[in-house]
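Letter by letter, the chains look like this.
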Amino acid sequence: FLPHLVASMQKMEETYIMIKPDGVQRGLVGEIISRFEKKGFKLTGLKLFKCPQELAEVCALSPCFCSYFCREHYKDLNSKPFFPKLIGYITSGPVVCMAWEGDGVVASARKLIGATNPLQAEPGTIRGDLAVQTGRNVVHGSDSPENGKREIALWFKEGELCEWTPAQAPWLLE
Ligand code: IDP
Ligand code: MG
């Protein structure tokens, strides 16, 4: 059991997974979380995020303060023609923000999620099973360990992440 305690004390690779507003509105939160949970990754951060009520007036002005997080999150895409629609989509309702940890979690989560266009995503993947359009593809996953760290730091405040050792650790990792 000692190696597992040591392993759990070292920071493993982490990724930022976000259930987009369509995933929340369609009641897919439990289904999506369970895919990562069953795979064996460790959940270290989880919250529902929506524009706080007290900011609603400020958000009537442009650019909306609440869109700060997704503008920053998708800053590499800000010259794309679909960028304004993308920001409108991501800010259209509550999102579920998650941090997941594990060996190779970034690439593995991208496989579990499937291709950007859900019609090209393989059956068995989240997008392949649960979505039909690129503009409504229910979930986000970081594309590199660096972006995983960057996105977790963007969406989570200090103290919101939880370090813990799952009871199943010795049954997942030899
Ligand atoms: P990814 O989410 O699979 O990493 P990216 O290319 O990083 O895909 O694009 C980010 C998100 O922007 C996509 O998940 C999707 O919601 C949206 N998006 C990407 N390309 C298009 C498009 O051509 N039309 C509309 N939305 C798009
Ligand atoms: Mg991406």
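Not measured: the values here are computed from a predicted model.

**Some remarks on the site of ligand 1**
Point 1. Near ligand 1, the surroundings consist of L77, F82, L86, T116, T134, G135, N137, H140 and D143.
Point 2. Across the shell around ligand 1, the residue classes tally to three nonpolar, five polar and one charged.

**A word on the environment of V29**
Point 1. Take V29: it is sitting in helix α3 (residues 29–39).
Point 2. Given 15 C-beta atoms within a 10 Å radius, V29 is considered partly exposed.
Point 3. Placed 110 residues apart in sequence, V29 and V139 show a C-alpha to C-alpha distance of 9.8 Å.
Point 4. The contact partners of V29, leaving out residues within four places of it in the chain, are I19, G23, V24 and V96.

**Side note on the environment of A121**
Point 1. The topology assignment puts A121 in the loop between α7 (105–113) and α8 (126–130).
Point 2. Judged by the 20 C-beta atoms lying within 10 Å of it, A121 falls in the buried class.
Point 3. With sequence-adjacent residues up to four places away left out, A121 is seen in contact with G114, A115, R127 and G128.

**Observations regarding the UniProt feature "binding site: ATP" (unreviewed entry) in the protein chain**
Point 1. Here the UniProt-annotated "binding site: ATP" (unreviewed entry) positions come out as K20, F82, R110, T116, R127 and N137.
Point 2. Relative to the helices and strands, R110 resides in helix α7.
Point 3. Residue R110 is classed as partly exposed on the basis of its 17 C-beta neighbours within 10 Å.
Point 4. R110 has contacts with G141 and D143, leaving out every residue within four places of it along the chain.

**What to know about the confidence of the model for the protein chain**
Point 1. This prediction gives the protein chain a mean pLDDT of 91; 87% of its residues lie at or above 70.
Point 2. As scored by the predictor, the complex reaches a pTM of 0.92 and an ipTM of 0.99.

**Here's the deal with the UniProt feature "active site" (unreviewed entry) in the protein chain**
Point 1. Sites flagged by UniProt as "active site" (unreviewed entry) map to H140.
Point 2. Within the secondary structure layout, H140 lies in strand β4 (residues 139–141).

**Quick look at the pairing of strand β3 (residues 95–101)**
Point 1. Among the seven residues that make up β3, seven are buried, leaving the element largely enclosed by the rest of the structure.
Point 2. Every second residue of β3 is oriented toward a common face, with V95, C97, A99 and E101 on one face and V96, M98 and W100 on the other, all of them buried.
Point 3. In this sheet, β3 lies alongside strand β1 (residues 14–19) in antiparallel orientation, the contact comprising six bridges. Paired with I17 across the bridge in β3 is M98.
Point 4. Sheet topology note: the strand β2 (residues 42–49)/β3 ladder contains seven bridges and is antiparallel. Bridging from a neighbouring strand, K47 pairs with C97 of β3.

**Brief notes about the environment of L154**
Point 1. Along the polypeptide, L154 turns up in helix α9 (residues 145–155).
Point 2. Residues within four places of L154 in sequence aside, it is in contact with F69, E72 and H73.

**Topic: unusual backbone geometry**
Point 1. Look at V138: it is not a glycine, yet its phi comes out positive at around 55°.
Point 2. For V138, the location among the structural elements is in the loop between α8 and β4.
Point 3. Looking at V138, the number of C-beta atoms within 10 Å reads 24, which means it is buried.

**Here we look at the sheet that holds β3**
Point 1. In space, the four strands of this open sheet follow the order β2-β3-β1-β4, with antiparallel pairing throughout. Bordering the open sheet on either side are β2 and β4, each of which pairs with just one other strand. Strand-to-strand, the axes of this sheet are offset by a mean angle of 15°, without reference to chain direction.

Calculation rules
- Residues numbered from 1 in each chain as written.
- Chains lettered and ligands numbered in written order.
- Predicted model: local features only at pLDDT ≥ 70, side-chain atom pairs only at ≥ 80, totals over all residues.
- Near = placed C-beta within 6 Å.
- Nonpolar A, V, L, I, M, F, W, Y, C, P; charged D, E, K, R; others polar.
- Helix = DSSP H or I, 4+ residues; strand = E, 2+ residues; numbered from the N terminus.
- Buried ≥ 20, exposed ≤ 12 C-beta atoms within 10 Å, placed from the backbone.
- Contact = placed C-beta atoms within 7 Å.
- UniProt positions renumbered as here; feature names shortened; annotations may be inferred.
- pLDDT = per-residue confidence, 0-100.
- Pairing = 2+ DSSP bridges.
- Axes fitted to C-alpha atoms, helices over the stretch in contact; angles between N-to-C directions.

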